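In case you want the letters, here they are:
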Amino acid sequence: AAKMDVVNQLVAQGQFTIIKQPLGFIKVLQWIFAIFAFSTCGSYSGMFKMSVECKNRSDSDLGIEVEFEYPFRLHQVYFDAPTCKGENRERFFLVGDYSSSAEFFVTIGVFSFLYSMAALSAYCFVLEKYRENNKGPQIDFVVTAVFAFMWLVSSCAWAKGLSDVKTATDPERVVDLLPACREVENRCREVYEPKVSGLNTSVVAFGFINVILWIGNLWFVFKETGWMAAFAGTYVPSQEKQAAPNAYGQQDPYAGSQGGYQPEYGEQGGYGEDGGYSQGYEQQPTSYSNQM
């Protein structure tokens, strides 16, 4: 009951209203999809089955099971298959090591999960300090850009690695590597294919969706950095610099019909219309006195 009171108090104080805004809502989606991405890949284990039917049926093995799992160091996965020459069996290894792309993908997912959780905590509990001097949003923008790039690289790398994993664990291809299956009198076939739908989901549904989420979040974080106002601020002084030559002899657009009136420039001198130098505003312009 005490915990619920604390939660209700925080909600009443508006601590979680940031989650309803795009900045916080997208962070929640990033946190969720990061969990799905590294869990579907990191927890995978698969199996396929083959059968080798020798000419001498007593030497056959109709249920050769081969199991593999994350991080897909397939060159360490082995199985024993009959040679169809008596009861002798031979040990074979799968081909390939695809741990680098798989571990890279999972690592990016774990760090994205941790950073999203930390950013959400900052949004909900220390939002004022986060926005102070725009340092928090600027750091957030840089980190978000790095994660967007890393998600793109890791998803592409794991998509290629997954394609190689499916090829290396295809029972039809593995059967062709067995010497006994190259003899016409022996029959070899696949019995069960590995299910890789979870791995396909990790790349297509979660990997590239994370890319879209992190790239899309860049805009909302950029709006918090204050850089947009800084860019707009540099444009205003440039207009003032273009108007500055009016003080050096150009016609004043606000000088209406009041004859020889010139703006006062304080105690410092200025240049008159005839090119002479006037010390102050108390001295009458020579052009006006000549007209009198």
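Since we're looking at a predicted model, the values are computed, not measured. (Residues numbered from 1 in each chain as written. Predicted model: local features only at pLDDT ≥ 70, side-chain atom pairs only at ≥ 80, totals over all residues. Heavy atoms only, no water.)

> Whenever I open this one, the overall build of the chain confuses me. Can you help?
In terms of helices and strands, the chain carries nine helices and seven strands. The 292 residues of the chain split such that 33% are buried. When contacts within the chain are restricted to residue pairs at least 6 apart in sequence, those whose partners lie at least 24 apart make up 68%. When the accessible area of the chain is evaluated, it comes to approximately 18200 Å², of which 57% is carbon and sulfur surface. (Helix = DSSP H or I, 4+ residues; strand = E, 2+ residues; numbered from the N terminus. Buried < 20%, exposed > 50% of the residue type's maximum accessible area, 1.4 Å probe, protein only. Contact = heavy atoms within 4.5 Å. Areas by Shrake-Rupley, 256 points an atom, 1.4 Å probe, with all protein chains shown as cover.)

> Help me out: how do you make sense of unusual backbone geometry in this one?
Leaving glycine aside, a negative phi is the common case for residues, and trans is the common case for peptide bonds. Here tyrosine 70 and proline 71 are connected by a cis peptide whose omega angle stands at 10°. For proline 71, the location among the structural elements is in the loop between β2 (61-69) and β3 (78-82). Although it is not a glycine, asparagine 133 adopts a positive phi angle of roughly 60°. Position of asparagine 133 relative to the elements: it lies in the loop between α4 (127-131) and α5 (135-168).

> Would you mind going over the nonpolar core with me for this structure?
General note: in soluble globular proteins, nonpolar side chains tend to be found buried as a group. Core analysis: the largest hydrophobic core is formed by 55 residues, its most contacted members being Met50, Phe68, Phe72, Phe79, Leu94 and Trp158. If we skip the residues at most four places from it in the chain, phenylalanine 68 touches Tyr44, Ser45, Gly46, Met47, Phe48, Leu74, Val77, Val165, Thr169 and Pro194. (Core = buried A, V, L, I, M, F, W, Y, C linked by side-chain atoms within 4.5 Å.)

> Would you mind showing me how to read the pattern of salt bridges here?
Oppositely charged side chains can pair when the atoms bearing their charge come close. This model, assessed by the stated rule, comprises eight salt bridges. Among the ionic pairs, arginine 57 bridges to glutamate 53, the shortest N-O distance being 3.1 Å. For arginine 89, the salt bridge is made with aspartate 61, and the minimal N-O distance between the two is 2.7 Å. One end of the pair, arginine 89, is in strand β4 (residues 89-93); the other, aspartate 61, is in strand β2, with 28 residues separating them in the sequence. (Salt bridge = Lys/Arg side-chain N within 4 Å of Asp/Glu carboxyl O.)

> Is there a simple way to explain the packing of aromatic side chains in this structure?
The relation between two aromatic rings is expressed through the spacing of the ring centres and the mutual angle of the planes. Going through the model one piece at a time under the given rule, you end up with 19 aromatic pairs. When the ring of tryptophan 31 is compared with that of phenylalanine 113, the centres are 5.8 Å apart and the planes differ by 20°; the resulting orientation is stacked. Here the residue tryptophan 31 occupies a position in helix α2 (residues 22-42), and phenylalanine 113 occupies one in helix α3 (residues 99-125), the gap between them amounting to 82 residues. Ring plane angle 65° and centroid distance 6.2 Å describe the contact between phenylalanine 38 and phenylalanine 113, whose orientation is recorded as edge-to-face. Highlighted residues: phenylalanine 38 in helix α2 and phenylalanine 113 in helix α3, separated in sequence by 75 residues. One aromatic cluster is present, formed by Tyr44, Phe48, Phe68, Tyr70, Phe72 and Trp158 through successive ring pairs. (Phe/Tyr/Trp six-rings, centres within 6.5 Å; stacked < 30°, edge-to-face > 60°.)

> Hey, could you run me through the UniProt feature "transmembrane region" (unreviewed entry) in the chain in this one?
Taking the numbering used here, the UniProt-annotated feature "transmembrane region" (unreviewed entry) corresponds to residues 28-47, 104-127, 139-160 and 203-222. In residues 104-127, helix accounts for 96% and strand for 0%; the two terminal C-alpha atoms are 32 Å from one another. The distance from the first to the last C-alpha atom of residues 203-222 is 28 Å, and the span holds 100% helix and 0% strand. (UniProt positions renumbered as here; feature names shortened; annotations may be inferred.)

> Is there a simple way to explain the environment of threonine 201 in this structure?
Within the secondary structure, threonine 201 is located in helix α7 (residues 197-225). Here the alpha-carbon distance between threonine 201 and phenylalanine 36, two residues 165 residues apart in the chain, equals 9.3 Å.

> Explanation requested: the pairing of strand β1 (residues 45-53) in the structure shown.
Where β1 lies against β2, seven bridges are found, and the strand directions are antiparallel. Within β2, the position partnered with methionine 47 by the bridge is glutamate 67. Sheet topology note: the β1/strand β5 (residues 187-192) ladder contains five bridges and is antiparallel. If you follow methionine 50 over to β5, its bridge partner there is glutamate 190. (Pairing = 2+ DSSP bridges.)

> Sorry, what's going on with the state of the cysteines here?
Such a bond, covalent and formed between the sulfur atoms of two cysteines, is termed a disulfide. Enumeration over the complete set of coordinates arrives at two disulfides. Residue cysteine 54 pairs covalently with cysteine 84 via a disulfide, S to S 1.9 Å. Looking along the S-S bond of the cysteine 54-cysteine 84 disulfide, the torsion reads about -75°, which is the left-handed sense. Taken together, the residues cysteine 54 in the loop between β1 and β2 and cysteine 84 in the loop between β3 and β4 connect sequence positions 30 residues apart. No difference in accessibility class separates cysteine 54 from cysteine 84, as the two residues are buried. Here cysteine 181 is linked by a disulfide to cysteine 188, with a sulfur-sulfur distance of 2.0 Å. For the disulfide bridge between cysteine 181 and cysteine 188, the dihedral angle about the S-S bond is near -95°, and by the sign convention the bridge is left-handed. For cysteine 188, a relative accessible area of 22% corresponds to the partly exposed category. (Disulfide = S-S within 2.5 Å.)

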